[in-house]
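Chain by chain, the residues:
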Amino acid sequence: MSAIAETARRSQARRRTRIDGWRWGGRIFLVFMLLYTALPMIWMLITSIKSGFAAMQFPPQWWPDQPTLASYQKLLDPQNSVGQDFLRFFWNSLFVSTATTILSVIVAVPAAYAFSRFTFPGRNFLFFAVLLRNMFPAVIFLVPLFILMRAIGLVNTHGSLVLTYLTFGLPLAIWLLKGFYDNIPVQLEQAARIDGATRFQAFILIVMPLSAPGIIATAIYSFIGAWNEYIYAYTFLSKNEQLTLPVGIQRFFSENTTDFPGLMAASFMMSVPVVVLFLVLQRYFVRALTEGAVKH
Amino acid sequence: MLRKIWEHRADYAYVLPAIAVMLIVIAYPIYYTIELSFFNTPPGLQLRDKIFVGLDNYIAILTSPVFWKVTSNTLIWTLASTFVSFVLGFACALALHRDFIGRGILRAILIVPWVISAVAASYIWKWIYHSDFGIIGAVLVGLGLADRPPNFIDSVSTVLPSLIVVNIWREFPFAMIMMMAGLQTVPDQLLRAAKVDGANAWQRFWHVTFPHLRNVSTVTILLLAVANFNSFIIPWIMTGGGPSNASHIWITHIYELAFGRQRWGVASAYSVLLFLILMSLGYFYVRALSGNERKDGNE
């Protein structure tokens, strides 16, 4: 009897140590990943509050002797030519990203709804054709699109970027939203239509509110994608006053290659809007992925 | 067939905007690229003065030594980035699955690299790798592991691994988010039942969790592979493909051929080859996705 109890206790103890082993392994791994992720960003912040002279030292100052916000002041000062440029790039990025986001929601919502609800000939083909867009790199489309944009007079306008950015947001947006609509029972709409709503009213009043997390996720994805896009903006825009942030910063700092504090401050400020947006809305994003894309 | 299309004409109105945008921005460029790949465009000439050269562009590519160098770089870059990003992201998702204090904050921090612009990421790491004032070099010298700061991105042998580290830094959070979403769909009852039956942590993972995640894993790996195959910003900003092509991958090479050297024909031929490779990857992508579809239909 006691032997059995002893064995049971021992095996329990062994199981506990083994589980603890996994748990400790997980913790150590997470600490490692945290360092890998965070240290580069911390070093960016520390460098951005150094003077140009303090940044160029070996061994480096781990914490600056004289922390200064000069780089940020320079970038945000509308009197200064650097600040003027930076603020203009910032505004351009904001405009292009917002326009892209609004348009992709307007285009993706009805398309995803149709792919989810209707069975029309060619539905599967069109659905996968839309998804395949994800497969192709920007470079393939660059030359022909440049020529196309020139033909329709959009070169050097933000319209060329908005039109192009729409197409990389769309595939994922349609895919995510379709998953959402698949999970909304058709009976809800049918009930609304029995009560006298048109198909469109049922869509706006019943389906849209239920798919709000999906729409928010779609919007975040489009906004971040447009905000960070580089290669099209680099190719389509040549006038300084139209550049978006990634290209503007690159142009600017290829002339001032040694101003690392300024570059780090600019990188930081370029990242703030998207990081804040994402952190505030991330639960919708993860939920949309769970319900829209993964739950099958 | 036509009558069926006509009966459903109202349905097409919903997809029309999406399809129209896609046609303009995708179908036309693909056609134009294929056409241009059979022409030569001598520098200084207008694009419309192109000269038909048949398959010469393709032959020139396949016989050039740069092609093989760039291809092997692309393979190393894509496979290493995809594999390590997926493993790290999956492990993070597993480690973050159980609730603990600070989990939300930790998850948020781990996602940040994926959200920030690749241009910003490239500059941050370029500064970290800096051959005179870089922090990694300084730490190595400080610990006595090196006499002088190593040249990470100016040396032929270390440049590609160094850039892959940056790419993984930016990509593993995507795998983490996807796998976190996937883990939430693994039924708790099954895991508990397995535990009652005496399965240990590893067995529960291998026999219950992992099979449930097969589809998500496939989609994640394919999306990562395609994104890595198509990456441009990190190598372009950090090294521009150098030194001596050691960090050129297909996309940066095509870009340089087209916009740097104005060799539109050869660049287009490269794009067509790329296109063929991606179409075959796309076949698996669609199959993984339609695997989901089919299961949906049965439910």
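Residues numbered from 1 in each chain as written. Chains lettered and ligands numbered in written order. Predicted model: local features only at pLDDT ≥ 70, side-chain atom pairs only at ≥ 80, totals over all residues.

(A) Representation of the overall build of chain B. Along the backbone of chain B there are 14 helices and 2 strands. Overall size of chain B, expressed as C-alpha extent along the three principal axes, is 80 × 75 × 30 Å. The proportion of buried residues among the 299 residues of chain B is 40%. Partitioning the contacts of chain B with sequence separation of at least 6, the portion at a separation of at least 24 is 67%. (Helix = DSSP H or I, 4+ residues; strand = E, 2+ residues; numbered from the N terminus. Buried ≥ 20, exposed ≤ 12 C-beta atoms within 10 Å, placed from the backbone. Contact = placed C-beta atoms within 7 Å.)

(B) Up close: the overall build of chain A. Helix and strand counts for chain A stand at 13 helices and 0 strands. Starting at the N terminus and walking to the C terminus, you meet the elements of chain A as α-α-α-α-α-α-α-α-α-α-α-α-α. Here the analysis covers contacts within chain A between residues at least 6 apart in sequence; of these, 75% occur between residues at least 24 apart.

(C) Just unusual backbone geometry, in detail. Residue Asn156(A) is not a glycine yet carries a positive backbone phi of 65 degrees. On the secondary structure map, Asn156(A) appears in the loop between helix 6 (138-151) and helix 7 (158-183). In this structure, Asn245(B) is a non-glycine residue whose phi angle is positive, near 65 degrees. Relative to the helices and strands, Asn245(B) is located in the loop between helix 12 (233-238) and helix 13 (250-260). Looking at Asn245(B), the number of C-beta atoms within 10 Å reads 17, which means it is partly exposed.

(D) Expanded view of the UniProt feature "domain: ABC transmembrane type-1" (unreviewed entry) in chain B. Under the UniProt annotation, "domain: ABC transmembrane type-1" (unreviewed entry) lies at residues 71-285 of chain B. The span residues 71-285 of chain B is 73% helix and 0% strand, and its two end C-alpha atoms sit 22 Å from each other. (UniProt positions renumbered as here; feature names shortened; annotations may be inferred.)

(E) Region of the structure containing the domain arrangement of chain A. All names here are of chain A. Annotation of chain A at the domain level lists domain 1 (2-48) and domain 2 (78-294). Facing 4 residues of domain 1, the contacting portion of domain 2 comprises 6 residues. Across the side of domain 1 that touches domain 2, the residue classes tally to 2 nonpolar, 2 polar and no charged. (Domains from an automatic or database assignment. Nonpolar A, V, L, I, M, F, W, Y, C, P; charged D, E, K, R; others polar.)

(F) Seen up close, the UniProt feature "transmembrane region" (unreviewed entry) in chain B. Within this numbering scheme, the UniProt entry marks residues 12-34, 75-96, 108-129, 149-169, 219-238 and 267-286 of chain B as carrying the feature "transmembrane region" (unreviewed entry). Helix makes up 95% of residues 75-96 of chain B and strand 0%, and the two end C-alpha atoms of the span are 31 Å apart.

(G) Looking closely at the confidence of the model for chain A. A residue-level look at chain A finds 87% of positions with pLDDT of 70 or above and a mean pLDDT of 81. Within chain A, the lowest mean pLDDT, 68, falls on helix 5 (residues 123-132) of chain A, and the highest, 89, falls on helix 4 (residues 81-117) of chain A. (pLDDT = per-residue confidence, 0-100.)

(H) Structural detail: the interface of chain A and chain B. Residue-level contacts link 81 residues of chain A with 81 residues of chain B. Here the side of chain A that touches chain B gets 16 residues from one element, more than from any other, and that element is helix 1 (residues 2-48) of chain A. Residues that form the side of chain A that touches chain B fall into these classes: 62 nonpolar, 15 polar and 4 charged.

(I) Layout of helix 7 of chain A. Taking 1.5 Å per residue as the helical rise, helix 7 of chain A with its 26 residues ought to reach 38 Å, and the 37 Å between its terminal C-alpha atoms agrees with that figure. Burial analysis of helix 7 of chain A places 22 of its 26 residues in the buried class, the great majority of the element. (Expected span 1.5 Å × (residues − 1).)

(J) Local environment of the nonpolar core. Ranked by size, the top nonpolar core spans 157 residues in total, and within it Ala108(A) and Ile174(A) carry the most contacts. Here this core spans two domains, and each of domain 1 (2-48) and domain 2 (78-294) of chain A adds at least three residues to it. (Core = buried A, V, L, I, M, F, W, Y, C linked by C-beta atoms within 7 Å.)

(K) Spotlight on the environment of Phe229(B). Residues and elements named next belong to chain B. By the secondary structure assignment, phenylalanine 229 is in helix 11 (residues 214-229). Separated by 118 residues in sequence, phenylalanine 229 and isoleucine 111 have C-alpha atoms that sit 22 Å apart. Here phenylalanine 229 is in contact with Thr74 and Thr78, once residues within four sequence places are set aside.

(L) Examining the environment of Thr68(A) more closely. Positionally, Thr68(A) belongs in the loop between helix 2 (52-55) and helix 3 (70-76). Its 15 C-beta neighbours within 10 Å are what place Thr68(A) among the partly exposed residues.

(M) Highlighting the packing of helix 9 (residues 188-196) of chain B against helix 10 (residues 201-212) of chain B. Residue and element names in this part refer to chain B. Between helix 9 and helix 10, the least distance of the axes is 10 Å, while the angle of their chain directions is 145 degrees. You can see that helix 9 and helix 10 cross each other, and the crossing is right-handed. For the pair helix 9 and helix 10, the contacting residues are Leu190, Leu191, Ala194 and Lys195 in the first and Arg204, His207 and Val208 in the second. (Axes fitted to C-alpha atoms, helices over the stretch in contact; angles between N-to-C directions. Left-handed = near helix turned anticlockwise from the far one by under 90°.)

(N) How the structure looks around the UniProt feature "transmembrane region" (unreviewed entry) in chain A. Residue and element names in this part refer to chain A. In this numbering, the UniProt entry assigns the feature "transmembrane region" (unreviewed entry) to residues 24-46, 89-113, 125-149, 161-181, 202-224 and 260-281. As a span, residues 24-46 carries 100% helix and 0% strand, and end to end its C-alpha atoms are 31 Å apart. In the segment residues 161-181, helix accounts for 100% and strand for 0%; the C-alpha atoms at its two ends are 29 Å apart.

(O) Broad picture of the confidence of the model for chain B. Residues and elements named next belong to chain B. In the predicted model, chain B carries a mean pLDDT of 84, and the fraction of residues at 70 or more is 93%. Predicted confidence is poor over residues 294-299, with pLDDT under 50, and the contacts of this stretch with residues over four places away or in other chains come to 3 contacts. Interface confidence for the predicted complex, given as ipTM, is 0.82, next to a pTM of 0.84.

(P) View of the packing of helix 8 (residues 186-194) of chain A against helix 9 (residues 199-210) of chain A. Residue and element names in this part refer to chain A. For the pair helix 8 and helix 9, interaxial distance at closest approach is 9 Å and the crossing angle is 125 degrees. Viewed along their axes, helix 8 and helix 9 adopt a mutual orientation that is oblique. At the point where helix 8 passes helix 9, the crossing takes the right-handed sense. Contacts between helix 8 and helix 9 pair Leu188, Glu189, Ala192 and Arg193 from the former with Arg199, Ala202, Leu205, Ile206 and Val207 from the latter. When grouped by side-chain class, the residues that make up the contact of helix 8 with helix 9 number 6 nonpolar, no polar and 3 charged. (Parallel < 35°, antiparallel > 145°, perpendicular 65-115°, else oblique.)

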